[in-house]
Amino acid sequence: MKQAILVLNGPNLNLLGRREPGVYGAHTLADVEGLCRDACAHHGYTLDFRQSNHEGVLIDWLHQAGAAQASGALAGVVFNAGAYTHTSVALHDAIKGAQVRVIELHITNVHAREPFRHHSYLAPAAYGVMAGFGVQGYALAIAALAAGPPPANRSAVK
């Protein structure tokens, strides 16, 4: 059985393609799912792709991901938490508590945007952070997960 990669998308990402296309581009979430499916297939993984506007649902999915990773069924998570990146200690704690390997992802370069977007509560718990590559960042993050776990001197969960 092939391992899966879970791609989680947080609030308002269901509006991709319609919400501020000058900032986020014209690709829809369905386009992103297709891109992720192709990237996973290229690296020998299956894709589990989800979106929720609800923080508690995202937390539940991270808990499930931790269990799936521990059982060997999941390679890790690509997580675009949207605005929750900048506000949610609960998501930070879920990543740490579930001990799941997460790559935090942003379509835009959040550090070139409004100052409130410069801080991430998720980054200290994440394996890595990717920002500013547009929707192609999803494929890059999948490739990073496919490359394997971090070296022994780098903690995936702090």
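So, a few notes on the structure that sits alongside this text. The model shown is predicted, which means the values in this text are computed figures rather than measured ones.

**Things to note about helix H2 (residues 29–43)**
Move 1: Over its 15 residues, H2 runs 21 Å from end to end, which matches the ideal 21 Å to within 8%, given 1.5 Å per residue.
Move 2: Looking at H2, one finds that the buried residues are Leu29, Val32, Leu35, Cys36, Ala39 and Cys40. For H2, the arc enclosing every buried residue in end-on projection is 135°, short of the 170-degree limit, so these residues lie on one face. The exposed set on the far side of H2, more than 90 degrees from its buried face, consists of Ala30, Asp38, Ala41 and His42.
Move 3: Backbone geometry just after H2 places glycine 44 at a positive phi near 85°.

**Quick look at the side chain of arginine 101**
Move 1: With respect to the helices and strands, the residue arginine 101 is situated in the loop between helix H4 (89–98) and strand S4 (102–106).
Move 2: Despite its burial, arginine 101 pairs with no opposite charge; the closest candidate is glutamate 104, at 15 Å N-O.
Move 3: One polar contact links the side chain of arginine 101 to the main-chain carbonyl oxygen of alanine 75, over a distance of 3.4 Å.
Move 4: Only 2.5 Å separates the side chain of arginine 101 from the backbone oxygen of glycine 148, close enough to count as a polar contact.

**Here we look at the nonpolar core**
Move 1: If you look at the biggest cluster of nonpolar residues, it comprises 26 residues, and the most contacted ones within it are Ile5, Val7, Val32, Cys36, Val78, Tyr138 and Ile142.
Move 2: It is H2 that provides the largest number of residues to this core, a total of 6 residues.
Move 3: Once residues lying within four places of it in the same chain are set aside, the contact partners of isoleucine 5 are Cys40, Tyr45, Thr46, Leu47, Asp48, Leu74, Ala75, Gly76, Val78, Ile142 and Leu145.
Move 4: Listed in part, the 21 residues of the second largest apolar core include Leu6, Trp61, Ile95 and Ala125.

**Quick notes on the pairing of S4**
Move 1: Within S4, 5 of the 5 residues are buried, which leaves it mostly tucked inside the rest of the structure.
Move 2: Residues Val102, Glu104 and His106 point to one face of S4 and Ile103 and Leu105 to the other, with burial holding for every one of them.
Move 3: Pairing between strand S3 (residues 74–80) and S4: 3 bridges, direction parallel. Pairing of valine 78 across the sheet is with isoleucine 103, part of S4.
Move 4: Running through H4, the crossover from S3 to the neighbouring parallel element S4 is right-handed.
Move 5: Where S4 lies against strand S5 (residues 128–131), 4 bridges are found, and the strand directions are parallel.

Definitions and cut-offs
Residues numbered from 1 in each chain as written. Predicted model: local features only at pLDDT ≥ 70, side-chain atom pairs only at ≥ 80, totals over all residues. Heavy atoms only, no water. Helix = DSSP H or I, 4+ residues; strand = E, 2+ residues; numbered from the N terminus. Expected span 1.5 Å × (residues − 1). Buried < 20%, exposed > 50% of the residue type's maximum accessible area, 1.4 Å probe, protein only. Arc of directions from axis to C-beta. Lys, Arg positive; Asp, Glu negative; His and termini not counted. Salt bridge = Lys/Arg side-chain N within 4 Å of Asp/Glu carboxyl O. Polar contact = N/O pair within 3.5 Å; in protein donor to acceptor, adjacent residues only side chain to side chain. Core = buried A, V, L, I, M, F, W, Y, C linked by side-chain atoms within 4.5 Å. Contact = heavy atoms within 4.5 Å. Pairing = 2+ DSSP bridges. Right-handed = clockwise from strand over helix to strand, strands pointing away.

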